[in-house]
Amino acid sequence: MSEKEKESDQTEVYKPELFSTTPHPHLIAGRCKSCGKYTFPKYYACPFCFSDDLEDAPLSPTGILHSFTTVRRSMPGYTVPYLLGIVNFPEGVRVMAQVETDKPEELKLDMKMGVTVGFIRKGKDGKDIVSYKFRPVS
Ligand SMILES: [Zn+2]
């Protein structure tokens, strides 16, 4: 089932073009067909060589936790506190997203993080907005 198919009257998927759950949850970056470098999200032109010949490219399903924080005040719709993490992927991109874990005290820099999909915030219309997040993997 794709993320778009999961969308319902109570749920809205934010930025479905940036991730997929098949065959496993992963992010979809842009890869420059000229120089091979990745960006997330995909840019209109490569920031390294300025080529506009870019393709969608899956990122590795796991990366390394570069930094994280606990957000205690946020915009309307966000349930605080929540965890926010920055993950480095082997393809050379760094991505920020919410972190989902039952044991926040066990988060450590350089730990392995996987991609998951879950609740991000409430929309103005009361819908649950879901999108990509990170979670620790052992
Ligand atoms: Zn390039």
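How each quantity is defined
- Note that residues are indexed from 1 along each chain, following the sequence as it is written.
- At least 70 in pLDDT is required for a residue's local features to be given in this predicted model, at least 80 for side-chain atom pairs to be given and counted, and no such filter applies to totals for whole chains, interfaces and linings, which use all residues.
- Starting at the N terminus, helices and strands are each numbered in turn, a helix being any DSSP run of H or I of at least four residues and a strand any DSSP run of E of at least two.
- Any residue whose C-beta has 12 or fewer other C-beta atoms within 10 Å is treated as exposed, any with 20 or more as buried, and any in between as partly exposed, C-beta atoms being built from the backbone.
- When DSSP finds two or more bridges between a pair of strands, those strands are recorded as paired.
- By convention in this section, buried Ala, Val, Leu, Ile, Met, Phe, Trp, Tyr and Cys residues joined through C-beta atoms within 7 Å make up a nonpolar core.
- Here, residue contact means that the backbone-derived C-beta atoms of the two residues sit within 7 Å.

Undergrad: Describe the environment of tyrosine 44, listing the residues and the values that go with them.
TA: By the secondary structure assignment, tyrosine 44 is in the loop between strand E4 (38-39) and strand E5 (54-58). A count of 7 C-beta atoms within 10 Å places tyrosine 44 in the exposed class. Between the C-alpha atom of tyrosine 44 and that of glycine 30, which follows or precedes it by 14 residues, the distance is 9.1 Å.

Undergrad: Talk me through the pairing of strand E9 (residues 112-122); I want residue IDs and the actual numbers.
TA: With three bridges connecting them, strand E6 (residues 62-71) and E9 associate as antiparallel partners. In the sheet register, threonine 62 faces E9, and the bridge partner there is glycine 114. Sheet topology places E9 next to strand E10 (residues 128-136); nine bridges connect them, and they run antiparallel. Residue pairing across strands places glycine 118 opposite serine 131, the latter belonging to E10. Between E9 and E10, which pair antiparallel one after the other, the connecting turn spans five residues, and glycine 126 there sits at a positive phi close to 90 degrees.

Undergrad: How would you explain the nonpolar core if you had to name every residue and give the values?
TA: Core analysis: the largest hydrophobic core is formed by 14 residues, its most contacted members being Leu27, Val87, Val95, Val115, Tyr132 and Phe134. When residues of this core are traced back to their parent elements, those giving at least two are strand E3 (26-32), strand E8 (94-99), E9 and E10. Sort the elements by how many residues they give to this core and E8 lands first, with three residues. The contact partners of phenylalanine 134, leaving out residues within four places of it in the chain, are Gly85, Val87, Ala97, Val99, Met113, Gly114, Val115 and Thr116.

Undergrad: I'd like a description of the pairing of strand E7 (residues 82-88), backed by residues and values.
TA: Here E6 pairs with E7 via seven bridges, running antiparallel. When the bridges of E7 are listed, isoleucine 64 appears paired with asparagine 88. When E7 meets E8, the two strands line up antiparallel, connected through six bridges. Paired with leucine 83 across the two strands is valine 99, which belongs to E8. Two successive antiparallel strands, E7 and E8, enclose a turn made up of five residues, where glycine 92 displays a positive phi of approximately 95 degrees.

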